[in-house]
Each structure stands twice: as structure tokens, then as C-alpha cells.
Amino acid sequence: LDEAFENRGRKSLKPAPPFDDADAVRRLQKALVKVLGQNFLKKSFPNGFDKDPDGKYGQETMDAVKAFQRQVFPGQIMEHDGRAGAKTLG
């Protein structure tokens, strides 16, 4: 996910509210699709995967982040929180 956030800072993303920067959430959603595949974010890409995602950090995005965290941090259950913080984005 680091490529999607290169030179943009690593501000933590989490489910809304408060609302997150929609552009940052879109970058996260696009990066997650590249890593996990299209099955995880079908609702977040309502106009198709060739279009921009919705930019909403809802349940589907949070579940995709958790899936990514389980993949990257196996056995570290405390890291599987659905938040896209500095460690997850790194």
C-alpha cells in the first residue's frame, strides 16, 4: 500500500465519522484492489473497477483493510483492527 501513499503523508484512515479525506480513501481502495483483488470491494466501485471508487471508508473498506492486515501481519491479531494507520500503510 506504500506506493499509493508515497509522498502524501501517512495520516491514519478509519471508518467514518468523522469523515476521512475521500481522495485518501479512494487511493486506499484502489491499492487494496491491487493487493487483494476485486472480490473485496465490489460495492465501493459502483461504476466498475475501471472507474474511481466511492471514497467512503465504510464496512466493506474496513473489512478489506482487515483482510490485508491478516495477510501482512499473520499471528498479530492486535494489528487486525481495520484502521489504515502508519504501520498498515507502510
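Quick notes on the rules
Residues numbered from 1 in each chain as written. Predicted model: local features only at pLDDT ≥ 70, side-chain atom pairs only at ≥ 80, totals over all residues. Heavy atoms only, no water. Helix = DSSP H or I, 4+ residues; strand = E, 2+ residues; numbered from the N terminus. Buried < 20%, exposed > 50% of the residue type's maximum accessible area, 1.4 Å probe, protein only. Contact = heavy atoms within 4.5 Å. Areas by Shrake-Rupley, 256 points an atom, 1.4 Å probe, with all protein chains shown as cover. Phe/Tyr/Trp six-rings, centres within 6.5 Å; stacked < 30°, edge-to-face > 60°. Lys NZ or Arg CZ within 6 Å of the ring centre and 35° of its normal. Expected span 1.5 Å × (residues − 1). Polar contact = N/O pair within 3.5 Å; in protein donor to acceptor, adjacent residues only side chain to side chain. Salt bridge = Lys/Arg side-chain N within 4 Å of Asp/Glu carboxyl O.

Draft legend 1. Region of interest: the overall build of the chain. Within the chain, the secondary structure is distributed over 3 helices and 0 strands. Reading the chain from its N end, one meets helices and strands in the order α-α-α. Counting only residues that meet the buried cut, the chain has 39% of its 90 residues in that class. For the chain, the share of sequence-separated contacts (at least 6 apart) that also reach a separation of at least 24 residues comes to 49%. Accessible area of the chain: about 5,600 Å², with a carbon and sulfur share of 50%.

Draft legend 2. Layout of the packing of aromatic side chains. Following the criterion strictly, the structure yields 1 aromatic pair and no others. Here the basic side chain of Lys87 rests over the ring of Phe73, its NZ or CZ set 5.2 Å away from the ring centre.

Draft legend 3. Representation of helix 1 (residues 22-36) within the structure. Taking 1.5 Å per residue as the helical rise, helix 1 with its 15 residues ought to reach 21 Å, and the 20 Å between its terminal C-alpha atoms agrees with that figure. Inspection of helix 1 places Ala24, Val25, Arg27, Leu28, Gln29, Ala31, Leu32, Val33 and Leu36 among the buried residues, and these make up the whole buried set. Where helix 1 starts, the residue carrying a side-chain oxygen 2.9 Å from the main-chain nitrogen of Asp23 turns out to be Asp21. Taken from the residues just after helix 1, Gly37 is the one with a positive phi, measuring 100°.

Draft legend 4. Structural detail: the pattern of salt bridges. Applying the stated criterion across every chain, the model contains 3 salt bridges. Among the ionic pairs, Asp23 bridges to Arg27, the shortest N-O distance being 2.6 Å. Of this pair, Asp23 and Arg27 both sit in helix 1, 4 residues apart, which is roughly one turn of the helix.

Draft legend 5. Geometry of helix 2 (residues 59-72). If you check helix 2, its first and last C-alpha atoms are 20 Å apart, about what 14 residues at 1.5 Å a residue would give, namely 20 Å. Of all the positions in helix 2, only Glu60, Thr61, Met62, Ala64, Val65, Ala67, Phe68 and Gln69 are classed as buried. As for helix 2, its buried residues are in contact with helix 1 and helix 3 (86-89).

Spatial relationships are all this shows, so hold off on functional conclusions.
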